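# Close look at the chain arrangement
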2 protein chains.
Amino acid sequence: MNTSAEIIVIGNEILNGDVLDTNSHWLCKQLTGLGALVLRVCQVRDHLPAITEALRSALKQSSLIITTGGLGPTDDDLTLEAVAQALERELELNPQAFSWVQEKYQEFAQKGYVASAEMTPERTKMARLPHGAIPLPNRVGAAPGVLLREGKQIIVCLPGVPAELKDIFQGALLPTLQALFGAGAFAEWRARVACGDESALAPLLRKAVEAHPRVYIKSRAKRFGPDVTFIITLAARGQTREEAFTLLEDAWQTLSQVLHRAGIAILALER
Amino acid sequence: MNTSAEIIVIGNEILNGDVLDTNSHWLCKQLTGLGALVLRVCQVRDHLPAITEALRSALKQSSLIITTGGLGPTDDDLTLEAVAQALERELELNPQAFSWVQEKYQEFAQKGYVASAEMTPERTKMARLPHGAIPLPNRVGAAPGVLLREGKQIIVCLPGVPAELKDIFQGALLPTLQALFGAGAFAEWRARVACGDESALAPLLRKAVEAHPRVYIKSRAKRFGPDVTFIITLAARGQTREEAFTLLEDAWQTLSQVLHRAGIAILALER
């Protein structure tokens, strides 16, 4: 089964350098933990052709596509229009989404956050979803999330406000993703080694990579200067968590021996 | 002149959710400040076809492409190979880059950071650049940055370690970018308004957008709950800073009148 995923982040504020996108980092962590392989994250502007093109490109390679942002009431919220274009579907009023948005504004009006509960065109827009869409309840804000199936592929649209995105992901979306990724599991270990020279680590890592092709092994500088150390990450995917762990055990045995013979001390191993 | 820019972030650690990419945010801020329009940021894995495809796609639309990461000595550092493929050029030993890398390892060996200053294949790899490349000095780490011209387009490869990336950008690269973006200027204002309802703001913003098509106007929630406020961003590009400011002045005049008439208080304006 193909468990590849891709994230499309929508918003000029990201590309103008106003806002640091932390949503995609959080989603990458969640999806990887569920057993997905995240192939790409693309951040694009609030520009219909740019969003549509990003969706089309993602549909060519990923079984799951998650978009963030662009679901709100303003004219530059274009995500659902772009999804409709990319999938060649019509936008239509979704009665379930309409009733959720309506209830939300009734609640907001009662609390005095908004002047009236009237369903204006701007509010109604949040309930106009591509044909066949399943709305996902948002317990924090007004705009529902959206789930679409296109053959075996899944497209999910989440709001850009982090609290809303997390609420929908961990609430309505999680069971669908668990079913999609099934028994897939991901495990990752990190070792800290006393070696100030990544160019000397490279041939040692290569030996472990060659002997354990299913394990991803990578070094990264942790600290610079006289006390420089490197973090070596070992990561593997398996059908079960046990399988992923066994792959890491085997690779670590090779790698630790290779490091030992090269006189490089292992300072810590975080399983 | 087309001043579009694009950033390609390379590294599995980003897509696995291990590391939050802050480099692209920093670069977006710098490039926008120089007058560029950042069209897209793509984060891709350490996978040669994925990096090459991202470069080819960027070459179709952007006058400046900056890559981050994948310049180091290990086997999964694939950026320069991907650039060579995308531009159909050969990798070749660059004497200037070789001498910088060599000097750096001599310095590291003298300080005791590394065991020897020998130019191993792994260290030499950092000096094997696509044909026609100009190496950019890195005063922090070993791997030089790389600048390439392809017709009127510019491709720049920077290391993934933030301190190294910033050193090269602000040092060797800045004069080239200033020449590329010329007199282009970007200005941005932010207003905070007392309105708890983005759906009510939407038609008001639309009036200002229609009257001032060269100004980008967007709202974003700042705080939720009973004291919710919205930030309205107004941004414009001009040939000079004065031109960009005049565009914003005019748009703000329209917008502030529209807000006033709708009874929405302006809490702050940050120019």
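To keep things clear, this report deals only with the structure shown in the data block. (Residues numbered from 1 in each chain as written. Chains lettered and ligands numbered in written order. Predicted model: local features only at pLDDT ≥ 70, side-chain atom pairs only at ≥ 80, totals over all residues. Heavy atoms only, no water.)

## As for the interface of chain A and chain B
Spelled out, the test is: Any pair of residues with heavy atoms lying within 4.5 Å of one another is described as a contacting pair. Buried area adds together the accessible area that both of two parts lose upon being put together, with accessible area traced by a 1.4 Å probe. Definition used for salt bridges: Asp or Glu carboxyl oxygen within 4 Å of a side-chain nitrogen of Lys or Arg. Pairing of N or O atoms within 3.5 Å defines a polar contact, subject to two protein rules: one partner must be a possible hydrogen donor and the other a possible acceptor, and residues neighboring in sequence count only if both atoms are side-chain atoms. Under the DSSP-based scheme used, a helix requires at least four consecutive residues in state H or I and a strand at least two consecutive residues in state E, with every element numbered from the N terminus. Side-chain classes are defined by residue name, with Ala, Val, Leu, Ile, Met, Phe, Trp, Tyr, Cys and Pro counting as nonpolar, Asp, Glu, Lys and Arg as charged, and the others, Gly among them, as polar. Note on pairing: two strands pair once DSSP finds at least 2 bridges between them.
Across the contact, 58 residues belong to chain A and 58 residues belong to chain B. Here chain A meets chain B over a buried area of about 4900 Å², counting both sides, of which 50% is carbon and sulfur. Its salt-bridge partner being Arg206 of chain A, residue Asp75 of chain B comes within 2.3 Å of it at the nearest N-O pair. Applying the counting criterion to the chain A and chain B interface returns 22 residue pairs in polar contact (both at pLDDT 80 or more). Counting residues per element, the ones that place at least two in the side of chain A that touches chain B are helix 1 (12-15), helix 2 (23-33), strand 2 (37-44), helix 6 (121-125), strand 9 (185-193), helix 8 (198-211), strand 10 (216-223) and strand 11 (229-238) of chain A. Take the side of chain A that touches chain B: its biggest share by element is eight residues, from strand 2 of chain A. Among the residues making up the side of chain A that touches chain B, the classes are represented as 23 nonpolar, 15 polar and 20 charged. Both strand 2 of chain A and strand 2 (residues 37-44) of chain B contribute to a ladder of five bridges, which runs antiparallel. Among the inter-strand pairings, Arg40 of chain A is bridged to a residue of strand 2 of chain B, identified as Val44 of chain B.

## Looking at the sheet that holds strand 1 (residues 4-10) of chain A
Worth spelling out the cut-off: Inter-axis angles, ranging from 0 to 180 degrees, are taken between N-to-C directions of lines fitted to C-alpha atoms, where helices are fitted over the stretch in contact.
Pairing is mixed across the open sheet formed by 12 strands, whose spatial order is 6(A)-7(A)-8(A)-3(A)-1(A)-2(A)-2(B)-1(B)-3(B)-8(B)-7(B)-6(B). This sheet does not close on itself; its edge strands, each paired only once, are strand 6 (134-136) of chain A together with strand 6 (134-136) of chain B. Taken pair by pair, the neighbouring strands of this sheet meet at an average axis angle of 15°, ignoring direction. As defined by bridge partners, strand 3 (residues 64-68) of chain A adjoins strand 8 (residues 153-158) of chain A across five bridges and the pair is classed as parallel. Paired with Leu64 of chain A across the strands is Ile154 of chain A, a residue of strand 8 of chain A. Relative to the sheet, helix 2 of chain A contacts strand 1, strand 2, strand 3 and strand 8 of chain A together with strand 2 of chain B, its axis offset from that of strand 1 of chain A by approximately 165°.

## So, the environment of Leu129 of chain B
Its location among the elements puts Leu129 of chain B in strand 5 (residues 128-130). For the pair Leu129 of chain B and Gly145 of chain B, spaced 16 residues apart in sequence, the C-alpha to C-alpha distance is 9.9 Å.

## Quick notes on the relation of the copies chain A and chain B
Under the convention used in this document: The fit set for superposing copies consists of C-alpha atoms from residues with pLDDT of at least 70 in both; the fit itself is least squares.
Overlay of chain A on chain B (RMSD 0.0 Å): rotation 180°, translation along the axis 0.0 Å. With respect to symmetry, the two chain copies, as superposed, fit the operation of a two-fold axis. When C-alpha positions in chain A are compared against the rotation axis, the closest is assigned to Cys42 of chain A, at 2.2 Å. Same-surface contact between copies: 100% of interface residues of chain A are shared with the interface of chain B.

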